[in-house]
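Results of the structural survey
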Amino acid sequence: MRCSAPAGTQRRCRTPSKLPSPSALIVLLASVSLGRTVFGVVLVLAYGLGMAVTLTAVGLLMVWLRGRLERRLAGPRPSRWLNARGVVLGAS
């Protein structure tokens, strides 16, 4: 996020999500120049929908993996590993 604030004014920030995708803009302009505007709009909407589905899937996967990792670390396995390590180190 980029923010700029001249002296004595309110801070204004621009987020990258509000900027148009250059590739989507090129597809839309090319479709307008070819006279197939509706096809270009459909392509841009499909591009946006695909991006949204991909980012949502990655986010949900990260939440699921975090839960699995927390359960794995909270279970008895680390304590068993530490106890076994102490026995091995104590025996030597």
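Small disclaimer: the values here were computed from a predicted structure and weren't measured. (Residues numbered from 1 in each chain as written. Predicted model: local features only at pLDDT ≥ 70, side-chain atom pairs only at ≥ 80, totals over all residues. Heavy atoms only, no water.)

As for the overall build of the chain
Stated formally: Each helix is a run of DSSP H or I of at least 4 residues and each strand a run of E of at least 2, with the numbering of both proceeding from the N terminus. Accessible surface is estimated by sampling points in the Shrake-Rupley manner with a 1.4 Å probe; for residues, cover comes only from the protein chains shown.
Counting its regular elements, the chain contains three helices and two strands. Secondary structure elements in the chain, listed N-terminal to C-terminal, are β-β-α-α-α. A total of about 8,300 Å² of accessible surface is found on the chain, and carbon and sulfur atoms cover 69% of it.

Quick word on helix α1 (residues 22-33)
To keep it simple, the criterion reads: A helix is expected to span 1.5 Å multiplied by its residue count minus one.
With 12 residues, α1 should reach 16 Å at 1.5 Å per residue; the first-to-last C-alpha distance of 16 Å fits that figure. Following α1 by one or two positions, G35 has its phi on the positive side, about 80°.

A word on the layout of surface pockets
Put simply, the test is: Here a cavity denotes grid points, spaced 1 Å and computed from the protein atoms alone, that fit a 1.4 Å probe unable to get out, and a pocket denotes an open set having protein on both sides within 12 Å along at least 5 of 7 lines; residues with an atom within 4 Å of a point are the lining. Grid points are joined across faces, edges and corners, and a volume is the space filled by probe spheres set on the points. When residues are sorted by character, Ala, Val, Leu, Ile, Met, Phe, Trp, Tyr, Cys and Pro go into the nonpolar class, Asp, Glu, Lys and Arg into the charged class, and all the rest, Gly among them, into the polar class.
In this structure, the largest pocket encloses a volume near 150 Å³. In terms of lining residues, the largest pocket is bounded by S21, A24, L25, L28, V44, Y47, G48, M51 and L55. Elements with a minimum of two residues in the lining of the largest pocket: α1 and α2 (37-74). By residue class, the composition of the lining of the largest pocket is seven nonpolar, two polar and no charged.

Some remarks on the packing of aromatic side chains
This is how it is decided: We call Phe, Tyr and Trp rings a pair once their centres come within 6.5 Å, taking the six-membered ring for Trp, and we label the pair stacked below 30 degrees between planes, edge-to-face above 60, and tilted otherwise. Each ring is checked for a lysine NZ or an arginine CZ that lies within 6 Å of its centre and within 35 degrees of its normal; such an atom marks a charge sitting over the ring.
What the rule picks out here adds up to zero aromatic pairs. The ring of F39 has R36 sitting right over it, with the charged end atom 4.8 Å from the ring centre.

Here we look at the packing of α1 against α2
Note the threshold: Helix axes use the C-alpha atoms of the stretch in contact, all axes being lines fitted to C-alpha atoms, and the angles between their N-to-C directions lie in the range 0 to 180 degrees. Throughout, the term roughly parallel applies to angles under 35 degrees, roughly antiparallel to angles over 145, roughly perpendicular to angles from 65 to 115, and oblique to all others. With the far helix as reference, a near helix turned anticlockwise by less than a right angle produces a left-handed crossing, and one turned clockwise produces a right-handed crossing. Whether two residues are in contact is decided by their heavy atoms, any of which lying within 4.5 Å being enough.
Between α1 and α2, the least distance of the axes is 7 Å, while the angle of their chain directions is 165°. Overall, the two elements α1 and α2 adopt an arrangement that is roughly antiparallel. The hand of the α1/α2 crossing is right-handed. The segment α1 lies against α2, with S23, A24, V27, L28, S31 and V32 engaging T37, G40, V41, L43, V44 and Y47. Residue classes in the contact of α1 with α2 are distributed as eight nonpolar, four polar and no charged.

Points about a nonpolar patch on the surface
Cut-off, in case you're wondering: Each patch is assembled from residues with relative accessible area greater than 30% and no salt bridge, linking like charges that lie within 9 Å and nonpolar side chains (Val, Leu, Ile, Met, Phe, Trp, Tyr) that lie within 5 Å. A pair is scored as a salt bridge if a Lys or Arg side-chain nitrogen falls within 4 Å of a carboxyl oxygen belonging to Asp or Glu.
Nonpolar side chains collect at one region of the surface, where V58, L61, M62, W64 and L65 lie side by side and expose about 480 Å² of accessible area between them. With respect to the helices and strands, the residue M62 is situated in helix α2.

Here we look at the confidence of the model for the chain
Cut-off, in case you're wondering: Scored between 0 and 100, pLDDT is the confidence that the predictor attaches to each residue.
For the chain, the average pLDDT comes to 76, and 60% of its residues sit at 70 or higher. Mean pLDDT across the elements of the chain bottoms out in helix α3 (residues 77-91) (55) and peaks in α1 (90).

Things to note about the environment of S31
Relative to the helices and strands, S31 is located in helix α1. The residues touching S31, leaving out its near neighbours within four places in the chain, are R36, T37 and G40.

Some thoughts on the environment of V44
Spelled out, the test is: Burial classes follow relative accessibility: with a 1.4 Å probe on protein chains only, a residue under 20% of its type's maximum area counts as buried, one over 50% as exposed, and anything between as partly exposed.
Structurally, V44 can be placed in helix α2. Taking the relative accessible area as the measure of exposure, V44 reaches 24% and is therefore partly exposed. Sequence spacing of V44 and S23 is 21 residues, and the spatial spacing of their C-alpha atoms is 9.0 Å.

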